[in-house]
Amino acid sequence: MLFSELVEFYEKIEATTGRIEMTNLLVDLLRRTPPEIIDKVVYLTIGEIYPPFIGLELGVADKLALRAVKLASGMSEKEINQAYSKLGDVGLVGEKMLAKRTQATLFMEQLAVEDVYSALEKIAKASGEGAMEMKVQILSGLLASSQPKEAKYILRIVTGKMRLGVADMTVLDALSIVFGGGKETREIFERAYNLSSDIGYVAKIAALEGIEGVKKFKITVGKPIRPMLAERLSSAEEILQKLNGKCIAEYKYDGERMQIHKKNNEVWIFSRRLENITWQYPDVVQMVKTNIVADEAILECECVAVNPDTGDMLPFQELMHRKRKYDIHKMIEQYPVNLYFFDALYVNGEDLTIKPLLERRKVLESIVKIDDKVKISKAIISSDPKEVEKFFNEAIEAGCEGLVVKSIGPESIYRAGARGWLWIKLKRSYKSEMTDTVDLVVVGAFHGRGKRAGSYGALLMAAYNPDRDVFESVCKVGSGFTDEDLAKLPELLEPHKIPHKHARVDSGMEADVWFEPKIVLEILGDEITISPIHRCCWGMIAEDGGLAIRFPRFTGRYRFDKSPEDATTSKEILEMYRTQLKKIAE
Ligand code: ATP
């Protein structure tokens, strides 16, 4: 397949402003793609070359990419820099410069998708001394063989700014249409994706083996399983009602979620976003090697910072010290951690995700060797709201955020990648009015005036609606930002700027600047109200209205640990709105 064919699609996708049109284009593209390279086409289209858990990034900064443009085009540095300050997009600069290039291109061979992919792979893999130079050389070689439009997308991919807006969920829709015959088969593809977190791999199996192959999809140790997530409610009583009167209530530890994979002596640690964070935690790797008695296992735990002198649990923020690239061993001593295991997904060849929770917990108990630092989540089985409330207070006292209360019925399987009512969290803040925070995605911004001139005055925020795979606007937030935040925001958002409203954004408010949904911020509001402008849950409560958050403010917490699809969902906001109504009625 020629890379130029792919580029033709990219041009069309870039111009669309609607989600359905985007999916249709993607369907067309996948139909035309040869099965052997469909994984590569999928990765490139979402602006990657591997699934994120591989942890190998292209890592080319704009400045470096511009050097490659200079080498490939023969244009002067001055001209390139001028174009860059005017256009602000390396892709467009590359396109423009290559159109003017001085070398002859008449007999140039056309690039195949594989050519581009393997050059990008080489760029990603270049490491050690001289790596930067090597990356520039490979990139300029690739640009020299490309047409201007091709160069535009190569440069965007290599600098991590593809911005087409195609995400894993969009690809899933397209796969179900192409290989399943219709969207009603989406669940089958989604399951495979949830078990592997690798959309390229799912596409390849679908293209090579058809839907039957996808149905037989199996868990692989080393490929992260998408995490099961919890809903929320504000009282033990409501929770028990929802769980048919009986539950297991577990401490909700305030640390970092880890999905740990072990295969003999090899250990992988994946974050909540399924990034490979093994290198950050050599101490955890050691704990797993000594305390997990199984040849093969996929387990989940919360990793919590503890006071080295007392062993008491410390708040989540303390763990941030462990995010450093240097002095890791010093940090291990200063900020030691405990592990609290709460689930077993796969052990010694057996897929446990289809087993009820208490069975999984039994397996967990049989393979975790408990000591001072490695434990199983503290839990009670109960059908008494008072007892659960008491346990909740105990959890808070111990330094936890509250409880995760879980179903123990026969339906209590591990639902990978889903937020559902099998797990329900009970946190302290839910017990008052809307002092509960939400995690929203920045989709647009408004220019600042006065003191904020030159930065953004407010941001347009959206919740995620997984059913539509669309981000629905829910508030405009202008408070809570410190001077430091205001200085940082334009820089943080710049790489995600797009010329028009994103195809997967639904907003009734016109922003001055639009962004690809990427950055997640924690927002606190006073209450949820019906709004004629915002599109969250449009038409569900009011005929001509959606839900909005009133008096929203930024809490100061950037949720880089969440992908946009992990943001608070529109359904959750609806649920919060209903809880609020109930409270008012009381
Ligand atoms: P929050 O922002 O409240 O942490 P979240 O969106 O990151 O929520 P949720 O699924 O809503 O994630 O809440 C569950 C989270 O609580 C898990 O991701 C996990 O990190 C943490 N946790 C702590 N203890 C437990 C436990 N015993 N069982 C399940 N999850 C737990």
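To keep things clear, this report deals only with the structure shown in the data block.

Cut-off values and rules
Residues numbered from 1 in each chain as written. Predicted model: local features only at pLDDT ≥ 70, side-chain atom pairs only at ≥ 80, totals over all residues. Heavy atoms only, no water. Near = heavy atom within 4 Å. Polar contact = N/O pair within 3.5 Å; in protein donor to acceptor, adjacent residues only side chain to side chain. Areas by Shrake-Rupley, 256 points an atom, 1.4 Å probe, with all protein chains shown as cover. Helix = DSSP H or I, 4+ residues; strand = E, 2+ residues; numbered from the N terminus. Nonpolar A, V, L, I, M, F, W, Y, C, P; charged D, E, K, R; others polar. Expected span 1.5 Å × (residues − 1). Buried < 20%, exposed > 50% of the residue type's maximum accessible area, 1.4 Å probe, protein only. Arc of directions from axis to C-beta. Contact = heavy atoms within 4.5 Å. Pairing = 2+ DSSP bridges. Axes fitted to C-alpha atoms, helices over the stretch in contact; angles between N-to-C directions. Salt bridge = Lys/Arg side-chain N within 4 Å of Asp/Glu carboxyl O. Parallel < 35°, antiparallel > 145°, perpendicular 65-115°, else oblique. Left-handed = near helix turned anticlockwise from the far one by under 90°.

## Structural notes on the site of the ligand
Part 1 of the argument: In the vicinity of the ligand lie 19 residues, with Arg 257, Glu 302, Lys 406, Lys 425 and Lys 427 positioned nearest.
Part 2 of the argument: Arg 559 is positioned such that a nitrogen or oxygen atom in its side chain is 3.3 Å from an oxygen atom of the ligand.
Part 3 of the argument: Note that an oxygen atom of the ligand is positioned 2.9 Å from one of the side-chain N or O atoms of Lys 562.
Part 4 of the argument: When the free accessible area of the ligand is taken as 590 Å², the share hidden by the protein chains comes to 93%.
Part 5 of the argument: Breaking the shell around the ligand down by element, the ones donating at least two residues are strand E1 (229–232), strand E2 (247–252), strand E10 (402–407) and strand E11 (419–427).
Part 6 of the argument: When residues in the shell around the ligand are grouped by element, the largest group, four residues, is from E11.
Part 7 of the argument: By residue class, the composition of the shell around the ligand is seven nonpolar, one polar and eleven charged.

## A short note on helix H7 (residues 113–125)
Part 1 of the argument: Helix length check: H7 (13 residues) gives 18 Å between terminal C-alpha atoms against 18 Å at 1.5 Å per residue, within 8%.
Part 2 of the argument: Taken as a whole, H7 has its buried residues at Val 113, Val 116, Tyr 117, Ala 119, Leu 120, Ile 123 and Ala 124. Buried residues of H7 fall within an arc of 165° about the axis and therefore sit on the same side.
Part 3 of the argument: Looking at the buried residues of H7, the elements they touch are helix H1 (3–15), helix H3 (38–45), helix H8 (131–144) and helix H9 (148–158).

## Points about the sheet that holds E10
Part 1 of the argument: Taken together, the five strands give an open sheet; going across it, the order is E1-E11-E10-E2-E9, and neighbouring strands pair in mixed fashion. The strands lining the two open edges of the sheet, one partner per strand, are E1 and strand E9 (379–382). For this sheet, the mean angle separating the axes of adjacent strands, direction not counted, is 35°.
Part 2 of the argument: Examined bridge by bridge, E1 and E11 share four bridges and lie parallel to one another. Residue pairing for E11: Arg 232 is matched across the bridge by Lys 425.

## Observations regarding the pattern of salt bridges
It is possible for side chains bearing opposite charge to pair when their charged atoms get close.
Part 1 of the argument: Evaluated as defined, the whole model comprises 45 salt bridges.
Part 2 of the argument: The partner of Arg 361 in a salt bridge is Glu 365, with the nearest N and O atoms 4.0 Å apart. One end of the pair is Arg 361 and the other is Glu 365, both in helix H16 (residues 357–367) and four residues apart, which spans about a single turn.
Part 3 of the argument: Taking relative accessible area as the criterion, Arg 361 reaches 9% and is therefore assigned buried.

## Re the pairing of strand E20 (residues 546–550)
Part 1 of the argument: With four of five residues buried, E20 lies mostly within the body of the structure.
Part 2 of the argument: Judged from the five bridges that link them, strand E19 (residues 527–531) and E20 form a sheet pairing that is antiparallel. Bridge assignment links Ser 531 to a residue of E20, and that residue is Gly 546.

## Looking at the environment of Asp 512
Part 1 of the argument: By the secondary structure assignment, Asp 512 is in the loop between strand E16 (505–506) and strand E17 (513–515).
Part 2 of the argument: Taking the relative accessible area as the measure of exposure, Asp 512 reaches 44% and is therefore partly exposed.
Part 3 of the argument: Beyond its immediate sequence surroundings of up to four residues, Asp 512 is in contact with Ala 445, Phe 446 and His 447.
Part 4 of the argument: At 2.8 Å, the side chain of Asp 512 and the backbone nitrogen of His 447 are in polar contact.

## What about the packing of helix H10 (residues 168–180) against helix H11 (residues 186–196)?
Part 1 of the argument: At a minimum axis distance of 9 Å, the contact between H10 and H11 shows a crossing angle of 130°. Viewed along their axes, H10 and H11 adopt a mutual orientation that is oblique. The handedness of the crossing between H10 and H11 is right-handed. Seen from H10, the contacting residues are Asp 168, Met 169, Leu 172, Asp 173, Leu 175, Ser 176, Phe 179 and Gly 180; seen from H11, they are Arg 186, Phe 189, Glu 190 and Tyr 193.
Part 2 of the argument: Split by residue class, the contact of H10 with H11 holds six nonpolar, two polar and four charged.

Such coordinate-based values are descriptive only and should not be taken to indicate function.
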